[in-house]
Amino acid sequence: MRCYSSARVLATLAYAANSLASIVNLGATDILQPLDIKTFHSLNRIGSPVVSPSQKLALFTTSYYDPTENKNTAYISCLDIRNGNITQLTESTLGTCVSNPLWFDEETIGFLKKGALYKQELYGNTLPSVVFAPPVPISNVMYRASQDILTFVASVFPNCTMDECVLVKQRNAMRTDSAMVFDNLWARHWNEWMTMEKPNVFTARLDRTGSRWTVGPETNIAAMLPQTSDPLTRWSVDDYTVSPAGDNMAFVVRPPSDNMTWATNVDIYLAATKHGSRPRLLTGRMNGAASAPTFSWDGRRLAWLQMETPGYESDINRIFIYTLATRETVAVAYDWDLSPHALVWSRDNKSLYTVTGNKGRSLIIQIDALTGHRRELTTTGSAASIRPIDDQTVLFVHSDTDKPADIHMLNTQTKAIDQLTNINAQALKRTQLSKAEDFWFTGAHGDKVHGWVVRPFGFNRRSTYPLALLMHGGPQQASTQSFSHSQWNPNMYASAGFVTVVINFHGSPGYGQNFTNSVRHKWGDYPYVDLMRGVDYVTSHMHFIDKNRMVALGGSFGGYMANWINGHTDRFRALVSHDGKFSTISGYYGTDELWFPEWDLGKPWDPMGRVILEENNPERFSANFKTPTLFVQGEKDFRISSTESLGAWTMMRRRGVPARLVYFPDEDHWINRAGNSMRWHTEVLDWITTWTNTSAPYRIR
């Protein structure tokens, strides 16, 4: 069966699975262009594939931003896995966004639009129609045909149905005051102040009699958990999954308590989808964070990822498997020194596929569910969204430093990979994107440290270029060789004329858990040593780098490191600190998640903790700050309070050191709005090109 367009007679895009006709071969007369700010923000972004019941088709979303109209658009297409044909299914009128594609059957798809669930036929010329328009917006919808059951997430008030929540909101809108009263932490998290509304997981029957479909009544599965004394800290569902047969679900929740800001305990519960029985706790003996539950295709086992060290958010993820019939839990591949961050079962239920960071790449690993034996199935770039097709074939999304994300097909026996989509072929056909070039050097503690270089647009070995050092967050995160649509894509700096350097310093995962753990109490030590030695290495081995025209940039911990660098060296012409901590003391009191600074550094009132915090405190060295610095801050960032950037900027301006503050009142720890991201890139690239006296290959402002 083929997929057919609907409603608007949308064009079919044909892709040959083994030879992409859309890949453009440039002629000798074609002139390559840099990846400029407008082109970068106009690129298409692909969603995860959603495989049909027959495993012959897959849905995926394509989203893009129009800088001229300042509008986002997202639409759904259908990929025929057998021949590579792609058909656009939903309209792509500017400003129209759909999400959460799913299959009702082989000929009917579903999707979300403005919080309501729609259906649409694959064939003919039918318009989409509403299946479920609840009074409260829903998300993360799944459907299981064998049980005629829908599952979804909705934010509701305590002891309220979805309809009753509307009345509660109406009553709240009539209040004469706006006070919020808190007795327990959290008061706020990430970018929101805590309210009584919490995301819960629901089930509801879908009656598909004739052409008129009906949904309901809905059942709040999370409401069956024990009641809590403080509704502001009650149960909140982070994630969930449903068995292929639709009879069971597993969901991820953080247990409500008065220590939620300094305890990392996250649990997984198992519940029947129809019988109304109380959910069963599966992780009660563990006090670390559980995540990523996934059922085997026969529904007999549930696997998940589990951290075991209380209070440590960057502990290694272990793989646990629970057998529903016997209620036994076993660990698999416990000797593995890398930390997986996704799980899915193979179609034959004999193994698990996982995506794991390994030396700056995110690779697909196959793990025998009985023995724990591991096979590396990919070797380059970054993989995500694994979707098994049969016993030896999976779909997945793959990108690399010089390649935006697309859907690929992997043969798990031969490891052969075929690219099935190329959604940015037209947009990038004349754009130069540089590859990552690896290097290793001896860093802090005598350990080998990994980094890579991305060469500038129009590179000529006989010329010299300024250097841009990109510093990742965490510190227990890692840069990966992927194509990021965030503010830290190396090719955006290479396209502005910089040799761009990325270093995975101590603390980065993907190099063994000891390497990750080593950064504890050493924020200003090991990462700083690694970065300085890495810069020494590339400037001594790559003579096209002008060591007198270097800049360093980073966000979150990378922003902290920019502040730390400013107090310890003047080798850089300019710095950029995005949402970076200036004071480890005030940063502790202003953050939302206390387990992070408590584990990594300590508590300010504890004598030993105070010593460690001060040893790693950039503010203690503020008298040494002399490098011109651009500070960027989002007001809704509750991880790094806005007073951190404001304080560092105030200090530098008061001391007469060149500094600029770029403030986004509507952004959080990240820059989420595309228009704001364009302004971010404009300000940052203008700052670093100005202070290094660099003429960018295109006009930045």
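Look up: the structure comes first, before these words.
Residues numbered from 1 in each chain as written. Predicted model: local features only at pLDDT ≥ 70, side-chain atom pairs only at ≥ 80, totals over all residues. Heavy atoms only, no water.

Asker: I tried to follow the sheet that holds strand 12 (residues 149-156) on my own but got confused; where do I start?
Answerer: As summarised here, the arrangement of the 4 strands in space is 11-12-15-16, forming an open sheet in which the pairing is antiparallel. Each edge of the sheet is formed by a strand with only one pairing partner; in this case those strands are strand 11 (138-144) and strand 16 (214-220). The average angle at which neighbouring strand axes cross in this sheet is 30°, direction not considered. Pairing of strand 12 with strand 15 (residues 198-207) involves 8 bridges; the strand directions are antiparallel. Opposite Ser155, over in strand 15, you have Pro199 as the bridge partner. Across the sheet, helix 2 (residues 162-173) is in contact with strand 11, strand 12, strand 15 and strand 16; its angle to strand 12 comes to roughly 15°. (Pairing = 2+ DSSP bridges. Helix = DSSP H or I, 4+ residues; strand = E, 2+ residues; numbered from the N terminus. Axes fitted to C-alpha atoms, helices over the stretch in contact; angles between N-to-C directions. Contact = heavy atoms within 4.5 Å.)

Asker: How should the pairing of strand 19 (residues 267-272) be read in this particular structure?
Answerer: When a strand is regular, its side chains alternate between the sheet's two faces. A large share of strand 19 lies buried, amounting to 6 of its 6 residues. Alternating residues of strand 19 divide into Asp267, Tyr269 and Ala271 and Ile268, Leu270 and Ala272, and every residue in both groups is buried. Of the pairings in the sheet, the one linking strand 18 (residues 248-253) to strand 19 comprises 6 bridges and is antiparallel in character. When the sheet's bridge partners are listed, Val253 is paired in strand 19 with Asp267. (Buried < 20%, exposed > 50% of the residue type's maximum accessible area, 1.4 Å probe, protein only.)

Asker: Would you take a moment to explain the sheet that holds strand 8 (residues 108-113) for this structure?
Answerer: Within a sheet, adjacent strands bond to each other through the backbone by hydrogen bonds, running parallel or antiparallel. With antiparallel pairing, 4 strands are arranged side by side in an open sheet as 7-8-9-10. In this open sheet, the two strands that pair with only one neighbour each are strand 7 (99-105) and strand 10 (129-132). Each adjacent strand pair in this sheet contributes to an overall mean axis angle of 35°, direction not counted. Alignment of strand 9 (residues 116-121) against strand 10, held across 3 bridges, turns out to be antiparallel. From the neighbouring strand, Lys119 faces strand 10, where its bridge partner is Ser129.

Asker: Whenever I open this one, the pairing of strand 39 (residues 629-634) confuses me. Can you help?
Answerer: Of all 6 residues that make up strand 39, 6 are buried, and the element is covered over most of its length. The two faces of strand 39 match: Thr629, Phe631 and Gln633 on one face and Leu630, Val632 and Gly634 on the other face are all buried. Pairing between strand 38 (residues 574-578) and strand 39: 4 bridges, direction parallel. Bridge pairing in strand 39 places Leu575 opposite Thr629. Judged from the 6 bridges that link them, strand 39 and strand 40 (residues 659-664) form a sheet pairing that is parallel. Bridging across to strand 40, Gln633 finds its partner in Tyr663. Note that the unit made of strand 39, helix 10 (residues 642-654) and strand 40 has a crossover that is right-handed. (Right-handed = clockwise from strand over helix to strand, strands pointing away.)

Asker: In this structure, what is going on with the pattern of salt bridges? I would like to understand it.
Answerer: A side chain of one charge can pair with a side chain of the opposite charge if their charged atoms are brought near each other. Inspection of the entire model under this criterion finds 21 salt bridges. In this structure, Arg205 engages Asp148 in a salt bridge whose closest nitrogen and oxygen atoms are separated by 3.8 Å. With a gap of 57 residues between them, Arg205 in strand 15 and Asp148 in the loop between strand 11 and strand 12 connect regions that are remote in the sequence. Exposure remark for Arg205: the relative accessible area of 42% places this residue in the partly exposed category. The class of Asp148 is partly exposed, set by a relative accessible area of 25%. (Salt bridge = Lys/Arg side-chain N within 4 Å of Asp/Glu carboxyl O.)

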